[in-house]
Amino acid sequence: DAKTTQPTSMDCAEGRAANLPCNHSTISGNEYVYWYRQIHSQGPQYIIHGLKNNETNEMASLIITEDRKSSTLILPHATLRDTAVYYCIVRVASDSSYKLIFGSGTRLLVRP
Amino acid sequence: DTAVSQTPKYLVTQMGNDKSIKCEQNLGHDTMYWYKQDSKKFLKIMFSYNNKELIINETVPNRFSPKSPDKAHLNLHINSLELGDSAVYFCASSQTSGRQFFGPGTRLTVL
């Protein structure tokens, strides 16, 4: 089962910041938080990931609370092309590998 | 220069048939995966191979058999297709524990 909970849907205005919350209260100390998005039925696209510290890249910023029980993905200037389903994922260790266990995600609608 | 490619993109077939989906990655990654996304849009991992060795095998019917001829390829063969196998199948690859790159998906419809 997914170790994350997210709102089912959100919307924001084009050009404004989109803040997508995620709860992962059962996360373990060495488990990373990953964010992916899926536009229409395309393959999921990696956005960003982090362990403890806040992270920023050309797509987004990831803010992780100090207790690591929740995080927020920030798209600083949302565009219409950012309309997608956003998945917050806790990467789980499995044998000699890792698994991404997807939840139901947040459907983000960016309004003109 | 597609990073992770899958063929075919669409596959329509009758119940009971056997079919294969192919996946290739040109990223030099050592780990490849198969995911299934059902009609409710839940993405679930099915298999993972590292250096041609099966390392993750979720609770998947044994009608599904992955095959990795080399590190760059991971094919999925499905025997005796059932209506419930209709879904979009995504292949992905990563360098060991790194981020995963997904293919465009194969939409399988079983009639």
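Whatever comes next refers back to the structure up there.
Residues numbered from 1 in each chain as written. Chains lettered and ligands numbered in written order. Predicted model: local features only at pLDDT ≥ 70, side-chain atom pairs only at ≥ 80, totals over all residues. Heavy atoms only, no water.

Engineer: Describe in detail the interface of chain B and chain A, supporting the description with residues and values.
Structural biologist: Much of the literature gives interface size as the accessible area that the parts lose upon coming together. Counting residues at the interface gives 20 residues for chain B and 20 residues for chain A. The junction of chain B with chain A conceals about 1600 Å² of combined surface from both sides, 55% of it contributed by carbon and sulfur atoms. On the surface where chain B and chain A come into contact, there are one salt bridge. Across the salt bridge formed by lysine 99 of chain A and glutamate 58 of chain B, the nearest N and O atoms sit 3.0 Å from each other. Viewed at the interface, chain A and chain B are joined by four residue pairs in polar contact (both at pLDDT 80 or more). Of all the secondary structure elements, the ones that give two or more residues to the side of chain B that touches chain A are strand E4 (31-37), strand E5 (43-50) and strand E6 (53-57) of chain B. For the side of chain B that touches chain A, the per-class residue count stands at 10 nonpolar, six polar and four charged. (Contact = heavy atoms within 4.5 Å. Buried area = accessible area lost by both parts, 1.4 Å probe. Salt bridge = Lys/Arg side-chain N within 4 Å of Asp/Glu carboxyl O. Polar contact = N/O pair within 3.5 Å; in protein donor to acceptor, adjacent residues only side chain to side chain. Helix = DSSP H or I, 4+ residues; strand = E, 2+ residues; numbered from the N terminus. Nonpolar A, V, L, I, M, F, W, Y, C, P; charged D, E, K, R; others polar.)

Engineer: Tell me about a positive patch on the surface, residues and numbers included.
Structural biologist: There is a patch of like positive charges on the surface, built from Arg107 of chain A together with Lys9, Lys41 and Arg107 of chain B. For lysine 9 of chain B, the location among the structural elements is in the loop between strand E1 (4-7) and strand E2 (10-13). (Patch = residues over 30% accessible without salt bridge, like charges linked within 9 Å, V, L, I, M, F, W, Y side chains within 5 Å. Areas by Shrake-Rupley, 256 points an atom, 1.4 Å probe, with all protein chains shown as cover. Lys, Arg positive; Asp, Glu negative; His and termini not counted. Charge placed at Lys NZ, Arg CZ, Asp CG, Glu CD.)

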